[in-house]
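Next come the chains, spelled out residue by residue.
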Amino acid sequence: MTFYSTRDLKTETNKLLNELSEGKYVVITEKGKPSAFLVSIPEGHFDETLLALRQVKGREKAIVSQN
């Protein structure tokens, strides 16, 4: 897993995309704190990937509402 700042996102886009294409995970940080998580989408699997992310987001909301 590699961390990139928002500035890096702008200046090192190709490096970031290469890491994603190698199957690595990328975290974008703002002011040193994680703000986004990037994963590659396998060719032909956009809908499945989107569904999986929505399921994770739904679980996140359920956990937050319990606290």
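Rules behind the numbers
- Residues numbered from 1 in each chain as written.
- Predicted model: local features only at pLDDT ≥ 70, side-chain atom pairs only at ≥ 80, totals over all residues.
- Heavy atoms only, no water.
- Helix = DSSP H or I, 4+ residues; strand = E, 2+ residues; numbered from the N terminus.
- Pairing = 2+ DSSP bridges.
- Axes fitted to C-alpha atoms, helices over the stretch in contact; angles between N-to-C directions.
- Buried < 20%, exposed > 50% of the residue type's maximum accessible area, 1.4 Å probe, protein only.
- Contact = heavy atoms within 4.5 Å.
- Phe/Tyr/Trp six-rings, centres within 6.5 Å; stacked < 30°, edge-to-face > 60°.

S.K.: Would you take a moment to explain the environment of Ser21 for this structure?
M.R.: Mapped onto the elements of the fold, Ser21 is located in helix α2 (residues 13–21). Note: C-alpha distance between Ser21 and Val39 (18 residues apart in sequence) is 8.8 Å.

S.K.: Looking at this model, I keep getting lost on the sheet that holds strand β3 (residues 33–38). Mind explaining?
M.R.: Strand-to-strand pairing in sheets goes through backbone hydrogen bonds, with the strands running parallel or antiparallel. Pairing in this open sheet of three strands is mixed, and the strands run β1-β2-β3 from one edge to the other. Looking at the sheet topology across the chains shown, the edges are occupied by β1 (2–5) and β3. Sheet twist, expressed as the average angle between the axes of neighbouring strands with direction ignored, equals 35°. Bridge count between β1 and strand β2 (residues 26–30): four bridges; the pairing is parallel. Residue pairing for β2: Thr2 is matched across the bridge by Val26.

S.K.: How do you make sense of the pairing of β3 when you look at a structure like this?
M.R.: Side chains on a regular strand alternate between the two faces of the sheet. Note that β2 and β3 share five bridges and pair antiparallel. If you follow Val27 over to β3, its bridge partner there is Phe37. Here β2 folds back onto β3 in antiparallel fashion, the turn holding two residues, of which Lys31 has a positive phi close to 55°.

S.K.: Looking at this model, I keep getting lost on the side chain of Thr49. Mind explaining?
M.R.: By secondary structure assignment, the location of Thr49 is in helix α3 (residues 46–66). Take Thr49: its relative accessible area is 16%, and that puts it in the buried class. What Thr49 contacts, discounting residues up to four positions off in sequence, is Ile41 and Pro42.

S.K.: Help me understand the packing of aromatic side chains in this model?
M.R.: To describe a pair of aromatic rings, one takes the distance between the centres and the angle between the planes. All chains considered together, the criterion is met by one aromatic pair. Taking 5.5 Å as the distance between ring centres and 25° as the angle between the ring planes, the aromatic pair formed by Tyr25 and Phe37 counts as stacked. With Tyr25 in the loop between α2 and β2 and Phe37 in strand β3, this residue pair connects regions lying twelve residues apart in the sequence. Given a relative accessible area of 43%, Tyr25 falls into the partly exposed group.

Geometric descriptors of this kind do not, in isolation, establish any biological role.
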